[in-house]
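The residues making up each chain are set out below.
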Amino acid sequence: MATRRGVTLDPEQVSLPARGWAARLPLVAGGVGVAAAAGALLLGAGDRAQLLHSWLVAFLFFVSLALGGLFFVLLQHLTRAGWSVVVRRLAEHVAATMPLFLLLLLPLAFGLHDLYHWSHAEAVAADPLLQHKQPWLNAPFFLTRAVAYLLLWSAMAWWLRRQSQRQDQMGAVVITRRLQRLSAPGMVLFGVTLTLASFDWIMSLDPHWYSTVFGVYFFSGSAVGIFALLIVLALALQRAGALRGVVTFEHFHDLGKLLFGFVVFWAYIAFSQFMLIWYANIPEETAFYAHRWHHGWQTLSIALAVGHFGLPFFLLLLRDVKRHRLGLWAAASWLLVMHWLDLYWLVMPALHEDPAFHLLDPLCLLAVGGLFTATLAALLRRPALVPIQDPRLAESMAFENV
């Protein structure tokens, strides 16, 4: 397969094998997702609140990965990055799973009253603060916004991916310039809508609590998630026989550096939010942390601080880890688990006074994760796994860390 500027790639380097586990993955993962969803519905029939909170955690985990993919693609075009060309298509595919979440939103839409205190008319009537917030926090407007967010993100993700695929066929440099030019307003829209979605879907679980930095906190977790996922995904594809000699130790090293950087950024935002609320000592703000520091949540809070920051900080600080496949895979996989735990820590105290892990938690994770994986695996079987006509492909393949 000939590409731009004399770079030659074999078809097996940029596409998945026609047979093997990768070929069966869409069907297998989809089957697991459907079976787990059916099991969750049966098990949760007698405990709707637990079912919906577990589904919300799973929904947030995987939609945050898709959002992270969209952020990565926009960022690479915006900065005119060359090193990342060979991994950018993977992020395009992750972002392109976004339409799936319009379907996965349905259980939350039908279970709104079991999730959000502000959705009860009697609660609003008895609470002046909820009355003040009612123009924003009401079911019709909430659901309209949720659908609008997902439609906008889906349109952005599919347009970016489609333009990149068109360049594979046409080789037109003008497409690169168009992507760079439109990624600037796209990034603004992304930042505003992600912030509003985090306020709606997570912060309004406790409508009396608020934090102006919460959108940045949710974004930082999404960024950690996508860099971890790109590492795991690229390594899995190489194990399946693709991307060998295309995504190199140099690219994994840079992905590891970005993962390290956003681990630190997540900790910085988390501590900034905590410190400012602790220092101000305003009751309606401190209630959020008071709940998560008592009633059994303290252990989970400490585990999150150590597992999401302490351990990966010292591990990813080492150059050798970022250039070692097994070490980098272990760090990335660990941080994906920590990202899920972070979202669980945000959501579940709204339901439980004490930590109470339930069978519905892994079932909902399998359900949403199975459908997400099936969709992503199907997308990966489409055109080349790298942008084969991108004008910076040669630069990316020759990239070396200094």
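Cut-off values and rules
In this numbering scheme, every chain counts its residues from 1 along its sequence in written order. Only residues with pLDDT of at least 70 are given local features in this predicted model, and only at 80 or more are side-chain atom pairs given and counted; all residues enter the totals for whole chains, interfaces and linings. The basis for every side-chain value is the complete set of heavy atoms in the structure, and neither hydrogens nor water enter the calculation. Going along the chain from the N terminus, every DSSP run of H or I of four or more residues is numbered as a helix, and every run of E of two or more is numbered as a strand. Note on method: radius of gyration uses C-alpha positions; expected globular size equals 2.2 Å times residues raised to 0.38. Three labels apply to residues, based on accessible area from a 1.4 Å probe with only protein chains included: buried if under 20% of the type maximum, exposed if over 50%, partly exposed otherwise in between. Areas reported here follow the Shrake-Rupley algorithm with a probe of radius 1.4 Å; residue values treat only the protein chains shown as occluding. His is not counted here, nor are the chain ends, while Lys and Arg score as positive and Asp and Glu score as negative. Throughout, a charge is located at the NZ atom of Lys, the CZ atom of Arg, the CG atom of Asp or the CD atom of Glu. Each Phe, Tyr or Trp ring (for Trp, its six-membered ring) is paired with any other whose centre lies within 6.5 Å, and the angle between the two planes then decides the class: stacked below 30 degrees, edge-to-face above 60, tilted in between. Here a salt bridge means any side-chain nitrogen of Lys or Arg lying within 4 Å of a carboxyl oxygen belonging to Asp or Glu. An axis is simply a line fitted to the C-alpha atoms; with a helix, the fit covers only the stretch in contact. Between two such axes, the angle follows the N-to-C directions and lies from 0 to 180 degrees. Under this scheme an angle from 65 to 115 degrees is roughly perpendicular, one under 35 degrees roughly parallel, and one over 145 degrees roughly antiparallel; angles in between are oblique. In this scheme, a crossing is called left-handed if the near helix is turned counterclockwise away from the far one by less than a right angle; it is called right-handed if the turn is clockwise. In this analysis, two residues are considered to be in contact whenever any of their non-hydrogen atoms come within 4.5 Å of each other. Three classes are used, and their members are as follows: Ala, Val, Leu, Ile, Met, Phe, Trp, Tyr, Cys and Pro are nonpolar, Asp, Glu, Lys and Arg are charged, and the others, Gly among them, are polar.

(A) Summary view of the overall build of the protein. Along the protein, the regular secondary structure elements total 18 helices and 0 strands. Its C-alpha atoms give the protein a radius of gyration of 22 Å, within 12% of the compact-globule value 21 Å for 402 residues. Within the protein, the fraction of its 402 residues that count as buried is 55%. Accessible surface, the protein: about 17000 Å² in total, of which carbon and sulfur atoms supply 69%. The averaged location of the 22 negative side-chain charges in the protein is 16 Å from the averaged location of its 27 positive side-chain charges.

(B) Quick peek at the packing of aromatic side chains. Counted by the stated rule, this structure contains 35 aromatic pairs. Ring centres 6.2 Å apart and planes at 45° place the aromatic pair tryptophan 83 and phenylalanine 399 in the tilted group. Linking tryptophan 83 in the loop between helix H2 (48-78) and helix H3 (85-95) with phenylalanine 399 in the segment after helix H18 (393-397), this pair joins segments that are 316 residues apart in sequence. Judged by its relative accessible area of 14%, tryptophan 83 is buried. Residue classification places phenylalanine 399 among the buried residues on the basis of a relative accessible area of 18%. Judged by centre distance (5.9 Å) and plane angle (20°), the ring pair of tyrosine 149 and tryptophan 153 falls under stacked.

(C) The pattern of salt bridges, seen in detail. Under the defined criterion, the tally for this structure stands at 8 salt bridges. Salt-bridge contacts for arginine 88 lead to aspartate 390; the nearest nitrogen and oxygen are separated by 3.2 Å. In this pair, arginine 88 is assigned in helix H3 and aspartate 390 in the loop between helix H17 (360-380) and H18, connecting sequence segments 302 residues apart. Judged by relative accessible area, aspartate 390 falls into the buried class, the value being 5%. The shortest N-O distance in the salt bridge between arginine 89 and aspartate 168 comes to 3.0 Å. Note that arginine 89 is positioned in helix H3 and aspartate 168 in helix H9 (residues 139-170), a separation of 79 residues in sequence. Each member of the pair, arginine 89 together with aspartate 168, is buried. Three or more residues joined by partner-sharing salt bridges are found here, namely Arg88, Arg89, Glu92, Asp168 and Asp390.

(D) Structural context of the packing of H3 against helix H11 (residues 214-239). Taken N-terminus to C-terminus, the directions of H3 and H11 make an angle of 110°; their axes are 10 Å apart at the nearest point. Here H3 lies roughly perpendicular to H11, going by the angle between them. Remark: the crossing between H3 and H11 carries right-handed chirality. Here Val87, Leu90, Ala91 and Val94 of H3 come into contact with H11, specifically with Ile226, Leu229, Leu230, Leu233, Ala234 and Leu237. Class assignment of the residues belonging to the contact of H3 with H11 gives a composition of 10 nonpolar, no polar and no charged.

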